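Close look at the chain arrangement
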Amino acid sequence: MTAEELLKKVRLIEFKSKRKINSLFLGEYHSSFKGVGMTFSEVRQYQYGDDVRKIDWNKTARFNEPFVKIFEEEREMISMILIDISASMNFGTRKQFKNDTVAEISATLAFSAIKNNDKVGLILYSDKIDSFIPPKKGNSHVVRMIKEILETEPKPTQTNLNFVFDFLLKTIKRKSNIFLISDFDIPNFERSLSIVTKKHDITGIRVYDDIEKIFPNIGLVKFKDLETGKIQWINTSSSKIREEYSKYYAMLVTRVENTFNKNGAGFLNIPTQGDYIKVLFNYFKGHH
C-alpha cells in the first residue's frame, strides 16, 4: 500500500466511523462505563429532597441555614484497544478481510471514547507486543492509531494472550475499559484472563468470516495454516469431514464465550459482513 493509498484509507475509515457514531450510540457508550469516582463541585443552599448526608455543617453553622455539598462523577476513563495481528486476521471471503473490519470497529470505539472525554490507547499483539500507543485524547491521536493498525503487517505466528495480559497489567495501572479484538483461535489464556478481569473491565470482540463456520463442498483442497505455515490436503466432499469441522468450530466458539462469561467479562461476535454498529449499540445498552 502506497502512502497515498494509506492516507486515503485512513480518511475513509475516519469518515465512516464518525458518521456512524450518532448521539444515540454515544449515549449508550457514555452510560455503559462508570467514572472512577466522585469529585467535589460546589456548595449550594439545601433544597427539599436533598440527601441530608451531604449537608456541609461548617457552612450551615456559619450562615445559619443549611447548605449541601454537590459532587460530580469523574467521567474521564481510559480505554485500551488490543488487536490481534496474527496472520489468521488477514482473511476474508465476503465484504472485506477481518483486519479491515477490526480497523473500523477500533476507530468507532476510539472516536466514541474521545467524544466522551476519555483517553484511548492501542496495543497490537501476536506472540509479543508489536506496537504500543499510550492512551491520549484528541482526534489526531485516533487518526494515528488507525494509521498504525493499517500499516502493520500480519505476523505469521500464533497469538500469546498470556504475554499480552502481563504487559497490560504492568503498563496500565489505572482501572480501564479494555477491548480485546481477535478471532480467538488461541490456546490457554483462561487463567491470565481471570487475573486481568479483577483489575480492568474487559470486552472480548471476536471477528470472524462466515466461511469459517463450515467447509464448502469444493472437492480436494490444499489448505495452509496462516500462522504455522502447515499445509494439509482436505477432502471437502466428505460429509463426515465437514460435519466434524462444524462441530469443532462450534465447540471452539462456545469455549471462548464461556471463558469470558465465567470471568465476568463481556463478549461479542461480529462477522466481517455484519452491522457492527448495531452489535456494539445492543451491547452497550445491555452493559449498563
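Scroll up a little and you will see the structure.
Small disclaimer: the values here were computed from a predicted structure and weren't measured.

About the thresholds
- Residues numbered from 1 in each chain as written.
- Predicted model: local features only at pLDDT ≥ 70, side-chain atom pairs only at ≥ 80, totals over all residues.
- Heavy atoms only, no water.
- Helix = DSSP H or I, 4+ residues; strand = E, 2+ residues; numbered from the N terminus.
- Expected span 1.5 Å × (residues − 1).
- Buried < 20%, exposed > 50% of the residue type's maximum accessible area, 1.4 Å probe, protein only.
- Salt bridge = Lys/Arg side-chain N within 4 Å of Asp/Glu carboxyl O.
- Axes fitted to C-alpha atoms, helices over the stretch in contact; angles between N-to-C directions.
- Parallel < 35°, antiparallel > 145°, perpendicular 65-115°, else oblique.
- Left-handed = near helix turned anticlockwise from the far one by under 90°.
- Contact = heavy atoms within 4.5 Å.
- Nonpolar A, V, L, I, M, F, W, Y, C, P; charged D, E, K, R; others polar.
- Polar contact = N/O pair within 3.5 Å; in protein donor to acceptor, adjacent residues only side chain to side chain.
- Pairing = 2+ DSSP bridges.

**Regarding helix H4 (residues 98–115)**
- Its 18 residues give H4 an end-to-end C-alpha distance of 26 Å, which sits within 8% of 26 Å, the value for a rise of 1.5 Å per residue.
- Most of H4 is tucked away: 16 of the 18 residues are buried.
- Looking one or two places after H4, you find Asn 117, whose phi comes out positive at around 65°.

**Remarks on the pattern of salt bridges**
- Under the definition given, this model contains 9 salt bridges.
- We note a salt bridge from Lys 128 to Asp 130, for which the minimum N-O separation is 3.0 Å.
- Residue Arg 255 is joined to Glu 190 by a salt bridge in which the shortest nitrogen-to-oxygen separation is 2.9 Å. Here Glu 190 lies in helix H7 (residues 190–196) and Arg 255 lies in helix H8 (residues 239–262), a separation of 65 residues in the sequence.

**Structural notes on unusual backbone geometry**
- For Asn 64, which is not a glycine, the phi torsion comes out positive at approximately 60°.
- The residue Asn 64 is located in the loop between helix H3 (57–63) and strand S2 (67–73) in this model.
- The backbone of Asn 117 shows a phi angle near 65°, a positive value even though the residue is not glycine.
- If you trace the backbone, Asn 117 turns up in the loop between H4 and strand S4 (119–125).

**Notes on the packing of H4 against helix H5 (residues 139–151)**
- Two numbers describe how H4 lies on H5: the axes approach to 10 Å, and their chain directions differ by 165°. On the basis of the axis angle, H4 is roughly antiparallel to H5. For the crossing formed where H4 meets H5, the hand is right-handed. Contact with H4, carried on its side by Ala 103, Ser 106, Ala 107, Ala 110, Phe 111 and Ile 114, involves Asn 139, Val 142, Met 145, Ile 146, Ile 149 and Leu 150 of H5 and no other residues of that element.
- Of the residues contributing to the contact of H4 with H5, the split by class is 10 nonpolar, 2 polar and no charged.

**Observations regarding the side chain of Asp 50**
- Here Asp 50 shows up in the loop between strand S1 (38–45) and H3.
- The class of Asp 50 is buried, set by a relative accessible area of 18%.
- Within the local environment of Asp 50, its side chain forms a polar contact with the side chain of Arg 44, the two groups lying 2.8 Å apart.
- Polar contacts involving the side chain of Asp 50 include one to the main-chain amide nitrogen of Gln 47, which spans 2.7 Å.
- Here Asp 50 is in contact with Arg 44, Gln 45 and Val 68, once residues within four sequence places are set aside.

**Looking at the side chain of Ser 112**
- Note on placement: Ser 112 falls in helix H4.
- Of note is the side chain of Ser 112, whose polar atom sits 2.8 Å from the backbone oxygen of Thr 108.

**Comments concerning the sheet that holds strand S3 (residues 78–84)**
- Sheet architecture is open: 6 strands sit in the order S5-S4-S3-S6-S7-S10, paired in mixed fashion. The sheet terminates laterally at strand S5 (129–136) and strand S10 (266–271), the two strands that pair on one side only. On average, each strand axis in the sheet is tilted by 15° relative to the strand beside it, whichever way the strands run.
- Of the strands in this sheet, strand S6 (177–182), strand S7 (201–208) and S10 are in contact with H8, which crosses S10 at around 145°.

**As for the pairing of S3**
- Of all the 7 residues making up S3, 7 are buried; the element is thus mostly covered by neighbouring parts of the structure.
- Covered by surrounding structure in S3 are Ile 78, Met 80, Leu 82 and Asp 84 together with Ser 79, Ile 81 and Ile 83, the residues of both alternating faces.
- Two strands pair when backbone bridges link them, and S3 and S4 are joined in this way by 7 bridges, in the parallel orientation. The partner of Ile 78 across the bridge, within S4, is Lys 119.
- Bridging between S3 and S6 involves 5 bridges; their strand directions are parallel. Looking at the pairing, Ile 83 lines up with Ile 181 of S6.

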